[in-house]
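Chain by chain, the residues:
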Amino acid sequence: SAVISQKPSRDICQRGTSLTIQCQVDSQVTMMFWYRQQPGQSLTLIATANQGSEATYESGFVIDKFPISRPNLTFSTLTVSNMSPEDSSIYLCSVIGVNTEAFFGQGTRLTVV
Amino acid sequence: GNSVTQMEGPVTLSEEAFLTINCTYTATGYPSLFWYVQYPGEGLQLLLKATKADDKGSNKGFEATYRKETTSFHLEKGSVQVSDSAVYFCALSSGGGNKLTFGTGTQLKVEL
């Protein structure tokens, strides 16, 4: 199994500011994933964070809005830039372990006011 | 593209009742299918999975069978407990890359 630590667990931010979310895994993993869970909705994949290369973004998500870093095989950050109330969501980090099982962090609950 | 459709909640049941949460999917190729559970205040956890047609995943009394002919993966439990109260997500992965496509989630409330 993989243990994922996400920080912060929650934050309340002013519109127009940026927040960086950290994800630390207790083992080396090739790919890390960032998801968004908007209120009352399902999880949507934002991007796949690859070590040593740029992140791969899903349709509707762009690097300028959600820049991602992946400096090594156990750590990644997601920044939510120039925030608006529509960015209020839970943001989750995920990795794939053996046997294709996905592990998730506890999430970062972001409220933009 | 891939998609997952699951029944809307909330579903409210009495303890020891039978549970079914429907899930159907659309995918290219042969996806792997999953049920994840999110207990109050906790992160998502894998509940069970099935990787090929007719496979049955099971865990903690929950079961789901991969039905390719009906593109379904319905979650069932014969006797629910209050501790089963959570949000349940059906999901699939397909085409490599291990990206997951989730359903909208179904909230289950079990009462005494």
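Data block above holds the structure.
Summary of the structure given here.

**Section: the state of the cysteines**
All names here are of chain A. One pass over the full model with this rule turns up two disulfides over all chains. The side chain of Cys23 participates in a disulfide bridge whose partner is Cys93; the two sulfur atoms lie 1.9 Å from each other. Disulfide Cys23-Cys93: torsion about the S-S bond near -65°, hence left-handed. Placement of Cys23 in strand β3 (residues 19-25) and of Cys93 in strand β9 (residues 89-96) is noted, with a sequence separation of 70 residues between them. Overall, the relative accessible area of 0% leaves Cys23 in the buried class.

**Concerning the sheet that holds strand β9 (residues 75-77) of chain B**
Residues and elements named next belong to chain B. Read from one edge to the other, the open sheet built from four strands follows the order β3-β9-β8-β7, with strand pairing classed as antiparallel. Two strands lie at the open edges of the sheet, namely β3 (19-21) and β7 (56-59), each paired on one side alone. The average undirected angle you get between the axes of adjacent strands in this sheet is 15°. Both β3 and β9 contribute to a ladder of three bridges, which runs antiparallel. Residue Ile21 lies in a different strand from β9, and its bridge partner there is Leu75.

**What to know about the pattern of salt bridges**
As enumerated under the stated definition, the model contains five salt bridges over all chains in all. A salt bridge links A:Glu58 to B:Lys99; its shortest N-O distance comes to 3.2 Å. With A:Glu58 in the loop between β6 (56-57) and β7 (68-72) and B:Lys99 in the loop between β10 (86-93) and β11 (100-102), the pair connects residues from two separate chains. Overall, the relative accessible area of 22% leaves A:Glu58 in the partly exposed class.

**Quick notes on the interface of chain A and chain B**
How big an interface is tends to be stated in terms of the accessible area lost upon association of its parts. The partner chain B presents 16 residues to the 19 residues of chain A that form the contact. With both sides pooled, the region where chain A packs onto chain B buries about 1,400 Å², and carbon together with sulfur makes up 56% of that total. One can count one salt bridge joining chain A with chain B. Viewed at the interface, chain B and chain A are joined by four residue pairs in polar contact (both at pLDDT 80 or more). Secondary structure elements with two or more residues in the side of chain A that touches chain B: β4 (31-37), β5 (43-50), β9 and β10 (102-104) of chain A. By residue number, the principal contributor to the side of chain A that touches chain B is β4(A), which donates four residues.

**Examining the side chain of B:Ser85**
Residues and elements named next belong to chain B. Tracing the sequence through the fold places Ser85 in the loop between β9 and β10. Within polar-contact distance, the side chain of Ser85 engages the backbone oxygen of Val82 at 2.9 Å. Within the local environment of Ser85, its side chain forms a polar contact with the backbone nitrogen of Val110, the two atoms lying 2.9 Å apart. Among all residues touching Ser85, those that are not within four sequence positions of it are Tyr39, Pro40, Leu108, Lys109 and Val110.

**Comments concerning the environment of A:Ile12**
Tracing the backbone shows A:Ile12 in strand β2 (residues 10-13). Once residues lying within four places of it in the same chain are set aside, the contact partners of A:Ile12 are A:Thr111 and A:Val113.

**Considering the sheet that holds β7(A)**
Backbone-to-backbone hydrogen bonds join strands into a sheet, with any given pair of strands oriented parallel or antiparallel. Residues and elements named next belong to chain A. Taken in spatial order, the four strands make up an open sheet running β1-β3-β8-β7, and their pairing is antiparallel. The sheet is open, and its two edges are formed by β1 (4-7) and β7, each paired on a single side. Adjacent strand axes in the sheet meet at a mean angle of 15° when their direction is disregarded. Strand direction decides the pairing type here: β1 and β3, joined by four bridges, are antiparallel. Within β3, the position partnered with Lys7 by the bridge is Gln22.

Procedures and definitions
- Residues numbered from 1 in each chain as written.
- Chains lettered and ligands numbered in written order.
- Predicted model: local features only at pLDDT ≥ 70, side-chain atom pairs only at ≥ 80, totals over all residues.
- Heavy atoms only, no water.
- Disulfide = S-S within 2.5 Å.
- Helix = DSSP H or I, 4+ residues; strand = E, 2+ residues; numbered from the N terminus.
- Buried < 20%, exposed > 50% of the residue type's maximum accessible area, 1.4 Å probe, protein only.
- Pairing = 2+ DSSP bridges.
- Axes fitted to C-alpha atoms, helices over the stretch in contact; angles between N-to-C directions.
- Salt bridge = Lys/Arg side-chain N within 4 Å of Asp/Glu carboxyl O.
- Contact = heavy atoms within 4.5 Å.
- Buried area = accessible area lost by both parts, 1.4 Å probe.
- Polar contact = N/O pair within 3.5 Å; in protein donor to acceptor, adjacent residues only side chain to side chain.

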